[in-house]
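What follows is the residue order along each chain.
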Amino acid sequence: MNAARTMFAMLLALFVALSAPAGAAGLPTTNPGPDAAKISGVQGQTLQDRFGVRFVGIDGRNISPLKVMWLEPGRYELTVLVDAAYFRPPVAGIRGSRQQSGANTIEVEVEAGKTYEIRGFLNREEPVENALSVILWKVEE
């Protein structure tokens, strides 16, 4: 009977840990709602040399890659990978079906109730090795 209670306690602790809000791990991520800011890297149309991104870090701490996340209000340095898979026309010097620029960072200050659209931007005037950067594309209320 004691082993059954121990197993139940372990399963209960695991359930509580997995159901805790994302911010419980010490990161500023939180659940969707009016007190949070939505951060999106999801690419709609590949127009004007803008590309979707995946968020891989917050303030120097690695996170699992995310295309959308919710943050508590504040100032953050976000680390992203740019998904430049669909260049049209192809850019000389960038090959392969999926080109990632490596980790890039952007500083943003976010407010509750707003959506922040982060994108990779291709500046065709720059040399290929410096052509991709990260921009705050738009903010929606």
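Predicted, not measured: the structure shown is a model, and the values here were computed from it.

Visitor: I'd like a description of the pairing of strand S3 (residues 53-58), backed by residues and values.
Guide: Of all 6 residues that make up S3, 6 are buried, and the element is covered over most of its length. Bridging between S3 and strand S4 (residues 61-66) involves 3 bridges; their strand directions are antiparallel. Looking at the pairing, Phe55 lines up with Leu66 of S4.

Visitor: Now, about the nonpolar core: what can you tell me, with residues and values included?
Guide: With 23 residues, the main nonpolar core has Ile39, Phe55, Met69, Leu71, Leu78, Val110 and Ile118 as its most contacted residues. Elements represented by at least two residues in this core include exactly strand S1 (37-40), S3, strand S5 (68-71), strand S6 (74-83), strand S7 (100-110), strand S8 (115-122) and strand S9 (132-140). Per element, the largest residue contribution to this core is 4 residues, and it comes from S6.

Visitor: Account for the side chain of Ser40, with residues named and values stated.
Guide: Relative to the assigned elements, Ser40 resides in strand S1. Residue classification places Ser40 among the buried positions, given a relative accessible area of 6%. Sequence-distant contacts of Ser40, defined by excluding residues within four places in its chain, comprise Phe55, Lys67, Val68, Tyr116, Glu117, Ile118 and Arg119.

Visitor: Break down the confidence of the model for the chain for me, citing the residues and quoting the values.
Guide: On average, residues of the chain score 77 in pLDDT, and 65% of them reach the 70 mark or higher. For the chain, helix H1 (residues 2-19) is the element with the lowest average pLDDT, namely 49, and S1 is the one with the highest, namely 97. Every residue in residues 94-101 is under pLDDT 50, and counting partners more than four places away or in other chains gives 17 contacts.

Visitor: Lay out the packing of aromatic side chains in plain terms, naming residues and giving numbers.
Guide: On inspection of all chains with the given rule, the structure shows 0 aromatic pairs. Sitting above the plane of the Trp137 ring, Arg50 keeps its charged end 3.4 Å from the centroid.

Reading the values: rules and limits
Residues numbered from 1 in each chain as written. Predicted model: local features only at pLDDT ≥ 70, side-chain atom pairs only at ≥ 80, totals over all residues. Heavy atoms only, no water. Buried < 20%, exposed > 50% of the residue type's maximum accessible area, 1.4 Å probe, protein only. Helix = DSSP H or I, 4+ residues; strand = E, 2+ residues; numbered from the N terminus. Pairing = 2+ DSSP bridges. Core = buried A, V, L, I, M, F, W, Y, C linked by side-chain atoms within 4.5 Å. Contact = heavy atoms within 4.5 Å. pLDDT = per-residue confidence, 0-100. Phe/Tyr/Trp six-rings, centres within 6.5 Å; stacked < 30°, edge-to-face > 60°. Lys NZ or Arg CZ within 6 Å of the ring centre and 35° of its normal.

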